[in-house]
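# Observations on the model geometry
Spelled out, the chains give:
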Amino acid sequence: MDSVYLFPPLSFWISDALCFGSLLSQQASHNRYIYQGLEMESTCGSLLFELQKIWDEVGEADNERDKMLFELEQECLDAYKRKVDQASRCRAQLRQAVADAEAQLADIYAALGDRPVHMNKSSGSLKKELHAIMPQLEDMKKKRNERKSQFAEVLKQINSISKELSGSTEDNLTTMIIDEHDLSMKRLDDLQSQLLLLQKEKGERLRQVLDQLNVLNALCMVLGMDFKSTVCSVHPTLGDSSGTKSISADTIKSLSATICRLKDVKLQRMQRVHIFSSQVFAKQFIQLSYLLHFQLQELAMTMVELWNLMDTPVEEQHMFQSVTRTIAAAENEITEPNSLSLEFIDNAETEVMRLQEMKMSKIKEVISRKREILEEICRGAHMVVDGQFGTDLSVESIESGAISPSDLLEQLEFQISKVKEEAFSRKEILEKVQKWLAAREEESWLEEYNRDDNRYNAGRGTHLMLKRAEKARVIVNKIPAMVDALKSKAKTWEKERKTEFLYDGVGLISMIDEYCELKHLKEQERQKQRDQKKLQGQLMTEQEAIYGSKPSPSKSSNKRKKNNGGGPVKQHSSNASNSQKHAEFLTLRKALSPISSLCSNIISCNFEDQNAKTGEFKDTQTAYKTPSATPTKTVSAYDENRTPKTMPIPLPATPPTMSNAMQTATTPFTPGIRGVEEVEYSYEERRAGFVSTKLHSRPLSLV
Amino acid sequence: MTAAPPPSTGRELSNPPTDGISNLRFSNHSDHLLVSSWDKSVRLYDASANALRGEFMHGGAVLDCCFHDDSSGFSASADHTVRRLVFNYNREDILGRHDAPVRCIEYSYATGQVITGSWDKTLKCWDPRGASAQERSLVGTYAQPERVYSMSLVGNRLVVATAGRHVNVYDLRNMSQPEQRRESSLKYQTRCVRCYPNGTGYALSSVEGRVAMEFFDLSEAGQSKKYAFKCHRKSEAGRDIVYPVNAIAFHPIYGTFATGGCDGYVNVWDGNNKKRLYQYAKYPTSVAALSFSRDGRLLAVASSYTYEEGDKPHEPDAIFVRSVNEVEVKPKPKMLPNPAT
């Protein structure tokens, strides 16, 4: 700058002293310049003087000299002008800078929303002003940046939360742009309150989600489903226990939908369980009624049975206690893990099926027992079982569904009570019938006994036989009275009931009538026989008269001639070929001995068959009692049965349509013969090798 | 005398056991037939469909089997085991063991127990609900005087026949000792014992062609009803051949009964009237076992050599199921007198 003042003293010197003087006076305040100017004036003056001297020496023309001086002056002026321009430009720049700074400052203030700072204008030079304003501006800029970052922070949070809430993954860019022109505290507060709101909502939602997850967890536990997979299917983040969970509205919605669905499932399953439970109860009820039934009927006998029966349900119930418990529980109360899981319900259902099957078989058992009881009563009362109830009262009719078990039971029960009642009414008559039948048996025994020629032979047990015969005779004498009483009883019964009295399916009255008729026939036969005997006697006396001799009484008792043609024997048609022989033996019956009744005839007849064929007048018992040693036997035990060996057995080779009487023979109670015998073994033991070697003897079986 | 009906043995089941048949039984609920055999198998047949429904192989010959319900049963084996068989799953588990071959097995509906008799001279009661461990399923062991040969149940009564002609009658509710100790009325080895369906007594057969009808009632009147009769005998060339009576089966409805002997015949008897009702045509070999179906309409007959004459060639083992005509098993009312003759 100093260079600017280089030439003014020259111009002062050369031409316009006033002009220079004013210039200099303007700068007078600057002592230094003045001093310099003085120095320069002196330099310029000396230079001018030197120039004048040179010119003088050279002899330059004056006009040339003026021209040169003018040029010089012109050059000086240009230099000044340039410097002034420069300075003014510099000033303008300064001004501009200050103005800019001020404007910026004002902007920032406005943006920050602060009151505009009162600026002390015009204090000093432009440069001072600029110096004063610049730090302020820097300050404010820093402040603005801080504010901006605050905004950015808040906005970022808001953005992230709203993103979570909306559930969208892309950034919400619009909210990210910070409005540069409004960074006021008020706006910040607004944003912060918005953020708070959002945070609150987030918390709310999170709580909601957690609640729902808890509910879901409980449901899954109850239903036996995998909680994690269920939850992951709603939103993958939910399954993660540590990470953040999705809380978007969609998630909540689908969560609640899932909960609703599971609740539905739970209700459905509960209904199933309820049905199941009612079935269980039904089963228990039936069992109980079954038990009660037997308690009433066979209290003493079934005590142990009851315990055993009770045993089963207790064990079974234990397993399904939790199920039966649910009957009383409301939907909300079922919280026990797995109590509604599918497998559990399935198990329970299979159990129900099993129980139902068991129930069915139990019912069948009960029914068959009932039937047994019914048949037992019928049998006891000599009633025909078939006539009392149809065949439809059987287990099969339940299976076919024709009748329900309870109905069937009821019917059976009804039948039983009916039959019981009838049996009671029959009791008195039946007792009489029994007596009558027993008497008939005795009668037939007596008849048979009377036929035995050896009956008075002294032997073991003969006195017992005599006693029995004595008793039998007493009884036989009572028979007619018995029959009369029985008949009248039966008749009154029939009148009362208006049905025929059936004894094992045969009318009692007709039985009695037939018996009486038969007896009558026998009586006639006997009469005829007596007449014949008389006739014979007459014939003998006549013969005596003619030949003078009388056949000895012993010879006259020739059996052949005394054939009375006993009715019962002839009926046994299967042995018709033997009838002739039978007839012979029957004549042995004493004239006054009672005639055997027909029912027992068959048995006695059979004995006779055997006896007839062997030609031995032996009681079967005596036959067995006398072992006759036969050589074919190695084992002594077999000797017992020697006798029958020699006897042909009257078994027809072809199956008869008529029923055959059994070959009954009362086996005597002889003490065991095991003492003599070696250790016996069954065929199975021999086959299985369960035989000690020393005992291996010939099989006992076949003769 | 009318002509005999055409001889028929009934329908033969296909897939019979390959060795001696030890027992067969009809189910109480269906026409299923359980068959045990010396070929170590237990087979389940549907008799009405003539189909083999299941087969269980054991470690030894199977000497007896019985049903539990329609879906399971029990078997007694010569390998000393008592097994439970579940038909639906073809599963079997061992209920327990004896010390010797197990001869007979029964299931009591009254007590829910399985009862087995063995040649180890004991009777054992089992609770089939107990797990497979013997100590859990075994209810009790009851010593017998001799090896057990046959057993039968009715209601709460159990009749046990052993070697040495012993007969023990038990009350299942008190097994500590026999209710009655008896000796067989027959003089020879007991072959089979079966209770009357009405629970008043039992029929007992011996190896010597004879059957005794016995009564539980010990009073004089009760015992006076007992009797014995001869059966399954043949007269040949002046010699009387006596066959063992292997099987007795009571008709579930009429209470009449069928007997089967080593002569290959099956006879039906009316025990009350002391009559023989029917004789079926001869079977190829010994009748080893008999069973009536639950309604008495079918009779299963095991025609199988019972080893009475030791190891010898014999007819193949077969099971015949015949339908039973009512007239063959229904007791006839007391024969009416016929005064005309």
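Model, not experiment: these values are computed from the prediction.

Rules and cut-offs
- Residues numbered from 1 in each chain as written.
- Chains lettered and ligands numbered in written order.
- Predicted model: local features only at pLDDT ≥ 70, side-chain atom pairs only at ≥ 80, totals over all residues.
- Heavy atoms only, no water.
- Helix = DSSP H or I, 4+ residues; strand = E, 2+ residues; numbered from the N terminus.
- Buried < 20%, exposed > 50% of the residue type's maximum accessible area, 1.4 Å probe, protein only.
- Contact = heavy atoms within 4.5 Å.
- Areas by Shrake-Rupley, 256 points an atom, 1.4 Å probe, with all protein chains shown as cover.
- Salt bridge = Lys/Arg side-chain N within 4 Å of Asp/Glu carboxyl O.
- Pairing = 2+ DSSP bridges.
- Axes fitted to C-alpha atoms, helices over the stretch in contact; angles between N-to-C directions.
- UniProt positions renumbered as here; feature names shortened; annotations may be inferred.
- Arc of directions from axis to C-beta.
- pLDDT = per-residue confidence, 0-100.
- Parallel < 35°, antiparallel > 145°, perpendicular 65-115°, else oblique.
- Left-handed = near helix turned anticlockwise from the far one by under 90°.
- Nonpolar A, V, L, I, M, F, W, Y, C, P; charged D, E, K, R; others polar.
- Phe/Tyr/Trp six-rings, centres within 6.5 Å; stacked < 30°, edge-to-face > 60°.
- Lys NZ or Arg CZ within 6 Å of the ring centre and 35° of its normal.

## Overview of the overall build of chain A
Scanning chain A from terminus to terminus reveals 24 helices and four strands. Expressed as a percentage of the 703 residues in chain A, the buried residues total 36%. Relative to all contacts within chain A whose residues are 6 or more apart in sequence, the contacts with residues 24 or more apart total 72%. A total accessible area of about 42000 Å² is found for chain A, and carbon and sulfur atoms account for 57% of it.

## A few points about the overall build of chain B
Scanning chain B from terminus to terminus reveals three helices and 30 strands. The buried share of chain B, taken over its 341 residues, is 66%. Considering only contacts in chain B between residues 6 or more positions apart, those separated by 24 or more positions represent 44%. Carbon and sulfur atoms provide 47% of the accessible area of chain B, an area that totals close to 11800 Å².

## Digging into the pattern of salt bridges
Side-chain pairs of opposite charge can arise whenever the charged atoms involved come near each other. This model, assessed by the stated rule, comprises 37 salt bridges over all chains. A salt bridge links A:Glu375 to A:Arg371, with the shortest nitrogen-to-oxygen separation between them at 3.5 Å. In this pair, A:Glu375 and A:Arg371 both sit in helix α12 (residues 342–380), four residues apart, roughly one turn of the helix. Taken as a pair, A:Glu375 and A:Arg371 share a single burial class, namely buried. Here A:Glu685 ties to B:Arg147 by a salt bridge, and the two come within 2.8 Å at their closest N and O atoms. In this pair, A:Glu685 sits in helix α24 (residues 683–687) while B:Arg147 sits in the loop between β13 (138–143) and β14 (148–154), so the two residues belong to two different chains. Looking at A:Glu685, the relative accessible area reads 0%, which means it is buried.

## Remarks on the side chain of B:Ser152
Residue and element names in this part refer to chain B. Tracing the sequence through the fold places Ser152 in strand β14. Residue Ser152 is classed as buried on the basis of its relative accessible area, which comes to 5%. In contact with Ser152, other than residues within four places in its own chain, are Glu106, Arg157, Leu158, Val159, Val193, Arg194 and Cys195.

## Remarks on the sheet that holds strand β3 (residues 32–37) of chain B
Residues and elements named next belong to chain B. If you walk across this open sheet you meet the four strands as β2-β3-β4-β5, and the pairing is antiparallel. The sheet is open, and its two borders are formed by β2 (21–26) and β5 (51–57), each paired with just one other strand. For this sheet, the mean inter-axis angle between neighbouring strands, taken without regard to orientation, is 15°. Pairing between β3 and strand β4 (residues 41–46): five bridges, direction antiparallel. Considered in β4, the bridge of Val35 is made with Arg43.

## A closer look at the UniProt feature "repeat: WD" (unreviewed entry) in chain B
Per the UniProt record, "repeat: WD" (unreviewed entry) is found at residues 95–127 and 245–279 of chain B. End-to-end, the C-alpha atoms of residues 245–279 of chain B are 14 Å apart, and along that stretch the chain is 0% helix and 60% strand.

## With respect to helix α8 (residues 227–234) of chain A
Buried within α8(A) we find A:Thr230, A:Val231 and A:Val234. Each buried residue of α8(A) lies within a common arc of 90° when the element is viewed along its axis, so the set occupies one face.

## Things to note about the UniProt feature "coiled-coil region" (unreviewed entry) in chain A
The feature "coiled-coil region" (unreviewed entry), as annotated in UniProt, sits at residues 77–111 of chain A in this numbering. For residues 77–111 of chain A, the helix share is 100%, the strand share is 0%, and the end-to-end C-alpha distance is 51 Å.

## Some details on the environment of A:Leu486
Following the sequence through the fold, A:Leu486 ends up in helix α16 (residues 462–497). Leave out the neighbours within four places in its chain, and A:Leu486 touches A:Ile429, A:Lys432, A:Val433, A:Trp436, A:Leu508 and A:Ile512.

## Re the confidence of the model for chain A
All names here are of chain A. Per-residue confidence for chain A gives a mean pLDDT of 69, with 58% of residues at or over 70. Within chain A, helix α19 (residues 567–571) has the poorest average pLDDT of any element, 38, and α24 the best, 91. Counting contacts from residues 294–307, a segment whose pLDDT is below 50, to residues more than four positions away or on other chains yields 19 contacts. Low pLDDT (under 50) marks residues 668–677, which in the prediction has 15 contacts with non-local residues, meaning those over four places away or in another chain.

## Brief notes about the packing of helix α7 (residues 185–223) of chain A against α8(A)
Residues and elements named next belong to chain A. One way to put it is that α7 packs onto α8 with a least axis distance of 9 Å and a crossing angle of 135°. In terms of their interaxial angle, α7 and α8 are classed as oblique. Remark: the crossing between α7 and α8 carries right-handed chirality. On α8, the residues that touch Leu213, Leu216, Asn217 and Cys220 of α7 are Phe227, Thr230 and Val231. Taken together, the residues of the contact of α7 with α8 sort by class into five nonpolar, two polar and no charged.

## Some remarks on the pairing of strand β12 (residues 122–126) of chain B
On a regular strand, each side chain points to the face opposite its neighbour's, so the side chains alternate between the two faces of the sheet. Residue and element names in this part refer to chain B. Summarising burial for β12: five of the five residues are buried, a large majority. Burial along β12 is two-sided: the face carrying Thr122, Lys124 and Trp126 and the face carrying Leu123 and Cys125 are both buried. Relative to β12, strand β11 (residues 113–118) runs antiparallel, the two being bridged by four bridges. Considered in β12, the bridge of Ile115 is made with Cys125.

## So, the packing of aromatic side chains
Residue and element names in this part refer to chain B. Under the definition given, this model contains 18 aromatic pairs over all chains. Ring centres of Tyr283 and Phe320 lie 5.2 Å apart, and the angle between their planes is 50°; this geometry places the pair in the tilted category. Here the residue Tyr283 occupies a position in the loop between β27 (275–279) and β28 (287–292), and Phe320 occupies one in strand β30 (residues 318–323), the gap between them amounting to 37 residues. Accessibility assignment for this pair places Tyr283 and Phe320 in one class, buried. The rings of Tyr196, Phe215, Tyr227, Phe229, Phe250, Phe257 and Trp269 are connected pair by pair, giving a single aromatic cluster. Of note, Arg157 hangs over the ring of Phe216, and the distance from its end group to the ring centre comes to 4.5 Å. Directly above the ring of Phe215 sits Lys225, whose terminal nitrogen or CZ lies 4.9 Å from the centroid.

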